[in-house]
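Structural overview
These are the residues of each chain, in order.
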Amino acid sequence: MDTSLLSSEQIHLAVNACLAPVCSLHGLAVTTVEGIGSTKTKLHPVQERIAKSHGSQCGFCTPGIVMSVYTLLRNSSKPKMKDLEVSLQGNLCRCTGYRAIIEGFGTFTEDWEQSRISNGTPNGTTCSLGSNCCKNRPAEKEEEALFTPGEFTPYDPTQEPIFPPELKISSELDKQNLSFIGKRTAWYRPTNIVDLLDLKDKYPDARIVVGNTEVGVETKFKNCVYPVLINPSMVPELSAINVTDSGVSVGASVTLNDMEIVMRKVIESEPEYKTRIFSAVVDMLHWFAGKQIRNVAAVGGNLMTGSPISDLNPIWIAARCQLQVQSKTRGVRILTMDHSFFTGYRRNVIKPDEVLVRIIVPFTAQNQYFHAYKQARRRDDDIAIVNAAFNIYLENSSPVIKDIVMAFGGMAPTTVTAQTTQQKLLGLKWNDALLEKAYGYLVNDLPLAGNAPGGMVQYRVALVLSFFFKAYLAVCQKIQTIYADYPAIPNDHESAVHGFGSVKPSSAQYFQVVPNDQKVNDPVGRPIVHKSAYKQATGEAVYCDDMPQIKGELYLALVLSSKTHARILSIDASQALALDGVQAFYSAEDLPGKRNSWGPIIHDEEVFARGVVTYQGQPVGAIVADDQRIAQQAAKLVKISYQDIEPVIVTIEDAIEKESFFPGYPKKLEKGNVDAAFAAADNILTGEARMAGQEHFYLETHCCIAVPKCEDDELHIYISSQNPTEAQKLIAEMLDIPANRVTCHVKRMGGGFGGKESRFNVVSLPVALAAHRLQRPVRCMLDRDEDMIVTGQRHPFLGRFKVSFTNTGKITGCEVYIYNNGGYSMDLSGAVLERAMFHTENSYKIDNVRVHGYVCRTNIPSNTAFRGFGGPQGMFFAETMIRDIATYLGKEPSEVAEINLYQEGNITHYNQPLLNCTLQKCWTECVARSDYSARQQEIQQYNELNKWKKRGISIVPTKFGISFTCKFLNQAGALVHVYTDGSVLLSHGGTEMGQGLHTKMIQVASRALGISESLIHISETSTDKVPNTSATAASAGSDLNGMAVLNACHTILERLQPIKKANPSGGWEDWIKAAYVERISLSATGFYRTPDIGYDWEKNEGNPFNYFTFGVACSEVEIDCLTGDHQVLRSDIVMDLGESLNPAIDIGQIEGGFIQGYGLFTLEEPIVSPNGTLLTRGPGTYKLPGFSDIPAVFNVSLLKGASNPRAVYSSKAVGEPPLFLASSIFFAIKDAISSARVQRGFSKKFKLDSPATAARIRMACEDDLTSKVPAVDPKLTPWGVTA
Ligand SMILES: Cc1cc2nc3c(=O)[nH]c(=O)nc-3n(C[C@H](O)[C@H](O)[C@H](O)COP(=O)(O)OP(=O)(O)OC[C@H]3O[C@@H](n4cnc5c(N)ncnc54)[C@H](O)[C@@H]3O)c2cc1C
Ligand code: FES
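Here the residue index of a chain counts from 1 through its sequence in written order. In the order they appear in the text, chains get letters beginning with A and ligands get numbers beginning with 1. Predicted model: local features are reported for residues with pLDDT of at least 70 only, side-chain atom pairs are reported and counted for 80 or more only, and whole-chain, interface and lining totals are derived from all residues. The side-chain quantities take in all heavy atoms of the structure and omit both hydrogens and water.

Re the sheet that holds strand β6 (residues 247–251)
The line we're drawing: At least two bridges found by DSSP between two strands are what make those strands a pair. The way it works is that DSSP assigns letters per residue, a run of H or I at least four long becomes a helix, a run of E at least two long becomes a strand, and they are numbered from the N terminus. The angle between two axes is taken between their N-to-C directions and runs from 0 to 180 degrees, where each axis is a line fitted to C-alpha atoms and a helix contributes only its stretch in contact.
One open sheet holds the five strands; their spatial order is β5-β6-β11-β7-β8, and the pairing between them is antiparallel. Edge positions in the open sheet fall to β5 (241–243) and β8 (331–336), since each of these has one partner strand only. Neighbour-to-neighbour, the strand axes of the sheet open up by a mean angle of 20 degrees, direction not taken into account. Looking at chain direction, strand β7 (residues 322–327) and strand β11 (residues 355–362) are connected through five bridges and run antiparallel. By the bridge assignment for β11, Gln324 is matched with Arg358.

Shown next as structure tokens:
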């Protein structure tokens, strides 16, 4: 390697543990999260800061994030904010919404240090935003800090553990020629090219492995088996990177990270014109995977994999890079990377016995222009939908094309060039006339069939044209100063040239601080750190699968249906059972009669399919083996023969056509006289809105361990579940034993979001069966793809509405038909639909309403609870109506919304009066805080000046009903034990999934008992402590359990009363000791049931909800009309959470819920093939919001002076309500699209389904380019659909 360009110091690299082969670690020092700090000794500052800044909720992502930032600090103790941003790429968090993490870690950066100095508050009580800090804005003085950076332990790099001296002083280990020969795989690490070529000659089918980011995925997920692996990282020729006279020569094993470092240095030192290809590479690498991947992935690995969406291959081909390949028998060959290099899907002209040695990336000439583009679903860390590179040579004397190469990824099974277009453009002048010609040729050069894999067919063609247009403008911009009389590009076109870069995030949080006279040890209302945060940051927190193996433990793997709808003709497990280490196979035969049936409400599911399968991924059986590898291998050997059954119903539309609905539906909810309202209406509109489903993507997948007690059928179940009581009940029913023999324990979950409310039974029932039958402990944790295939998602919804309204926009009546896609079984779909029906007016008073609800029965996994539980979908229909009315009347949506907004005392369409309604207050405050009106005008001006980027703004209210709509679930229990040392063991019926429930319950008990929270501990949720609990769901966890805790605490206090009276000056410990001596029970149960609720569907009367949580959000976005990309510029949220029990936790819930909702409304789109195969089954294809997706300005405000008489200590529920507010981003996008359409002469009325993906945004921004995209043949079956 060229040591002049790369540092020879030890470097620290963050890597993905699951992709780093142990053999590749020879000679390296490995640091894990456990090695850098501990709660028992000392926390590392990185661990301390993520915890104290409230950046850890469920904590499952926390160790990975800690290690990314630890690595950053080890390489640079005072990084820039930009470095922090890059180091966090590739990390995902499903809970926090990222803001808290960025802000906490921001305190390590130079930017923060400087802002502190310039703000003159070196005690560290300010934030990282310098002059943007909200404290510098007079109107926002009331903001309080959720954490105090001044309390952080300063980061001192000299305190880091020393690098192992034996590795530092000697490179002996690096020089070793290694071979590790295992039972199934041999790993070779040659140290010179001769040995490497010898090995490749001997094993031509061997895989060369550098980063293992491709091979690792192939072996883990694609069942590929590679008996010989060769690691060439220590072969000098392959790891060298040199600058030569003609360009940069990059060894095939050089990592992307190292290539970037070197190219950046060359860009700095050489004239701009020479390094245009390097600039394109460096820019592209920013969007290539995440830092952990770029740290290890090699240039050669990317090139040789030959993925059709490789981000670098279009650049290499457009640049006509040269490749040096070498074999033992034929020696060195030099190849040019051109259109003939790739010969088919992931195939190229390099022979099996050849090795790629290096790639030579040339310098550019003065009249040569090079531009590359990528569009993905998500900007950071995502694979491309389409990418492109353009290499254009113009004549010296005039802007005439001398040579041009255009390479595209994502348009065919290989990277391709636009051969005809290239030829036809030769000799043409680089001017607007060229554009029309080029579009025509490109469309023909890069055709896509309507059923092409990957889908989004028209969008991909549109992207090709858009990228060319962007490249055209970028070249125009450069040459306008070079060629005489060359016209400058119009000002309003400039916004087309660049995509979105990263922006420095800024944020503010406002909340009510506790009164000065509140007792110091009363934690209610204070931003207390999540009780597990420190343990989560150090890796000490124990999740289900972290429990140590128990002696004799076995592993269970599910055998899943590969058919969508079929009769099972036979099941043959003989081959699997013959495998060494396999203990048993279970199927429906092991569960006679009703024992095989289960369901959270209706028992319409089977533990194992009997006779017929009704979705792909349905458990047909289970293999139990000595370990995970054997169990999973054996599960694949179970042979099942099927006979297909018709019909296969996948989508809501299919179900409507086939009238496939669950019994009991449609359901109707009616108030007033809708027909009369329609008859008397000034205006009537009809419309339709559709929302896709959403994968929960809790970072911890479903997991269960069953431990038989070998006596009296006793069974202990350790499970990641929101509903341990249901697990207990269904396991007991399946095993035909009393429920008192089954104890379910939940310590914590790595996220739940509703996905663990009922679907855990798919895992827990087979595991419990196996443990009971074998009388041995059995464990199962689903792989991510299994979890996604098996356990269901948020329901897709379709709403069709008719709405009447006055000329001012006042809604007089509406009729809505709501359909949700329940999947193959009922699960909770009925309740989800009902909540959607209750929320279909969102926050608007409509006197005449008729809602019809249908649960569609389809052949997909059973869809289930997900944060919001149908509420967001119902409200989405209302917001769509508001916007359709506004468009029709030519008014602002906010104006129409405001005149319809509920007021105090109004009555909903289910006849519940709105009491303590703060909707109007939230609205007014949000309008003011967001400076809505002024920004609306600024946006209008911006849009007039920019043709290809448009901005949009939207303000959206929410009213979320709190309670289970099923009355009997609104109850909770608690158990308080006080021990003689004064310590308290608190148990309650709620489960901790990151939402901070245990922390809040400790706060409640602390205030109630008048003792320090440090005396109170919650160990777990367990059915033998608090029985017959409801699921922790419906946002009601704190409300229900908080009151039950209060009840138990009051019982204890009552009993202590005489003792306290006798010794008023004594303390808690004295009273407890005295009480014990007086034989007073120090253990009490608590119970609570929500009063005055219950709803009668027949009569449309009663209160389905205890109260409502209100909120309003305003969001502004910018869209790139050419690519469909977008950036959220700002979101302001105002929520009424009563008197918050813990503002840090509540603001964390708001931000986390909002970002999860942002994913729902813009990014996340589960795609299913028309025959029912889930196509998005892992993080590679299913995209959650990442760090860089959060609003650039993100402000959250808790409404002050809004106390709630109907929940514990005047608080309000928070879990679900904020999610819908993210639809403000969706509608802001719609607003921006609208501006684009109007400017181009298209109608302002258009349909935009949710999510507003890049593809939908681009295609809705109709223009000259989209009009050139060929229509899709309707006879072709599309690759994928949204269910
Ligand atoms: C999370 C994630 C995100 C990703 N994101 C992107 C992305 O944004 N853009 C993108 O383009 N790709 C992406 N990839 C794909 C992958 O990271 C890249 O293709 C990477 O560069 C592969 O390099 P590697 O060293 O890890 O390959 P390896 O897995 O080590 O090897 C890959 C293949 O290359 C062959 N090979 C390697 N070196 C040689 C050689 N010298 N001679 C002959 N054959 C050789 C191997 O035999 C093997 O078949 C992503 C992968 C993951 C896991
Ligand atoms: S805290 Fe990040 S995934 Fe839960």
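With respect to the confidence of the model for the protein chain
Caution is warranted with low-pLDDT regions, since their predicted coordinates should not be read in detail. Stated formally: A residue's pLDDT is simply how confident the predictor is in it, with values from 0 to 100. Contacts are assigned to residue pairs with any non-hydrogen atoms lying within 4.5 Å of each other.
Residues of the protein chain with pLDDT of at least 70 account for 97%, and the chain-wide mean is 95. Taken as a whole, residues 122–141 scores under 50 in pLDDT and shows 43 contacts with residues more than four places along the chain or in a different chain.

Examining the environment of Phe363
How we decide: A simple rule labels every residue: compare its accessible area, found with a 1.4 Å probe on the protein chains alone, to the largest value its type can have, and call it buried under 20%, exposed over 50%, or partly exposed in between.
Inspection of the secondary structure puts Phe363 in the loop between β11 and β12 (368–376). A relative accessible area of 13% places Phe363 in the buried class. A C-alpha to C-alpha distance of 65 Å links Phe363 and Ala771, two positions 408 residues apart in sequence.

Some points on the UniProt feature "binding site: FAD" (unreviewed entry) in the protein chain
The condition is simple: UniProt positions are given in the numbering used here, feature names are shortened, and annotations may be inferred rather than shown by experiment. Think of a polar contact as two N or O atoms within 3.5 Å of one another; within protein, one of them needs to be a possible hydrogen donor and the other a possible acceptor, and neighboring residues in sequence only count if both atoms come from side chains.
Under the feature "binding site: FAD" (unreviewed entry), the UniProt entry names Ile208, Val209, Val210, Gly211, Asn212, Thr213, Glu214, Val215, Phe288, Asp311, Leu356 and Lys374. Sequence-wise these annotated residues cover 167 residues; spatially they are dispersed, their C-alpha atoms as much as 27.6 Å apart. Topologically, Gly211 is positioned in the loop between β3 (207–208) and α10 (215–221). If we ignore the near neighbours within four places in the chain, the residues touching Gly211 are Leu19, Val296 and Ala297. The class for Asn212 is buried, based on a relative accessible area of 12%. In terms of polar contacts, Asn212 uses its side chain to reach the backbone carbonyl oxygen of Leu19, at 2.9 Å.

Notes on the UniProt feature "active site" (unreviewed entry) in the protein chain
Feature annotation in UniProt assigns "active site" (unreviewed entry) to the following positions: Glu1216. If sequence neighbours within four positions are ignored, Glu1216 has contacts with Arg867, Gly868, Phe869, Phe960, Ala1034 and Ser1035. There is a polar contact of 2.7 Å between the side chain of Glu1216 and the side chain of Ser1035.

Observations concerning the packing of aromatic side chains
Formally: When the centres of two rings from Phe, Tyr and Trp lie within 6.5 Å, Trp using its six-membered ring, the rings pair. Their planes under 30 degrees apart give stacked, over 60 give edge-to-face, and anything left gives tilted.
Inspection of the entire model under this criterion finds 37 aromatic pairs. Residues Phe697 and Tyr1182 carry aromatic rings whose centres are separated by 6.2 Å and whose planes lie at 5 degrees to one another, so their mutual orientation is stacked. With a gap of 485 residues between them, Phe697 in the loop between β26 (683–691) and β27 (703–708) and Tyr1182 in the loop between α36 (1143–1163) and β44 (1193–1198) connect regions that are remote in the sequence. In this pair, the class of Phe697 matches that of Tyr1182, namely buried. Arranged with centres 5.2 Å apart and planes meeting at 40 degrees, the rings of Phe838 and Trp1097 form a pair that is tilted. With Phe838 in helix α28 (residues 829–838) and Trp1097 in the loop between β40 (1094–1096) and β41 (1101–1103), the pair connects residues that are 259 residues apart, well separated along the chain. Of the residues examined, Phe838 reaches a relative accessible area of 1% and is grouped as buried.

Quick look at a negative patch on the surface
What counts here: Nonpolar side chains (Val, Leu, Ile, Met, Phe, Trp, Tyr) are joined into patches within 5 Å and like charges within 9 Å, using only residues with over 30% relative accessible area and no salt bridge. Note on areas: Shrake-Rupley, 1.4 Å probe, and residue coverage restricted to the protein chains presented here. Any carboxyl oxygen of Asp or Glu within 4 Å of a side-chain nitrogen of Lys or Arg constitutes a salt bridge here. Charged residues are defined here as Lys and Arg on the positive side and Asp and Glu on the negative side; His and the ends of the chain fall outside this count. A charged residue contributes its charge at one atom only: NZ of Lys, CZ of Arg, CG of Asp or CD of Glu.
On the surface, a cluster of negative charge is made up of Glu711, Asp712, Asp713 and Glu714. Structurally, Glu711 can be placed in the loop between β27 and β28 (715–719). According to the relative accessible area criterion, Glu711 is exposed, its value standing at 52%.

Regarding the nonpolar core
Put simply, the test is: Within this scheme, the nonpolar core is defined by two criteria: the residues are buried Ala, Val, Leu, Ile, Met, Phe, Trp, Tyr or Cys, and they are joined through side-chain atoms within 4.5 Å.
Phe390, Phe408, Trp430 and Phe468 are the most contacted members of the largest nonpolar core, which has 205 residues in total. Broken down by element, the residue count for this core peaks at 17 residues, all from helix α19 (residues 457–479). Those residues in contact with Trp430, other than ones at most four positions away along the chain, are Ile392, Leu394, Pro399, Ile401, Ile404, Phe468, Ala471, Tyr472, Val475, Cys476, Ile479 and Tyr486. Grouped together as the second largest cluster of nonpolar side chains are 59 residues, Ala206, Ala280, Trp316 and Val325 included.

Description of the site of ligand 1
Put simply, the test is: The nearness test applies per residue and asks whether one of its heavy atoms lies within 4 Å of the molecule or strand. Ten residues, namely Ala, Val, Leu, Ile, Met, Phe, Trp, Tyr, Cys and Pro, are considered nonpolar, four, namely Asp, Glu, Lys and Arg, are considered charged, and the remaining ones, Gly among them, are considered polar.
Taken together, the neighbourhood of ligand 1 is formed by 29 residues, with Arg207, Ile208, Val210, Thr213 and Asp311 sitting nearest. Between an oxygen atom of ligand 1 and a main-chain N or O atom of Ala289, the distance comes to 2.9 Å. Leu356 places a main-chain nitrogen or oxygen 2.9 Å from a nitrogen atom of ligand 1. For the shell around ligand 1, the secondary structure elements donating two or more residues are β3, α10, α15 (299–305) and β11. The biggest single contributor to the shell around ligand 1 is α15, with five residues. Each residue belonging to the shell around ligand 1 can be placed in one class, and the counts come to 16 nonpolar, eight polar and five charged.

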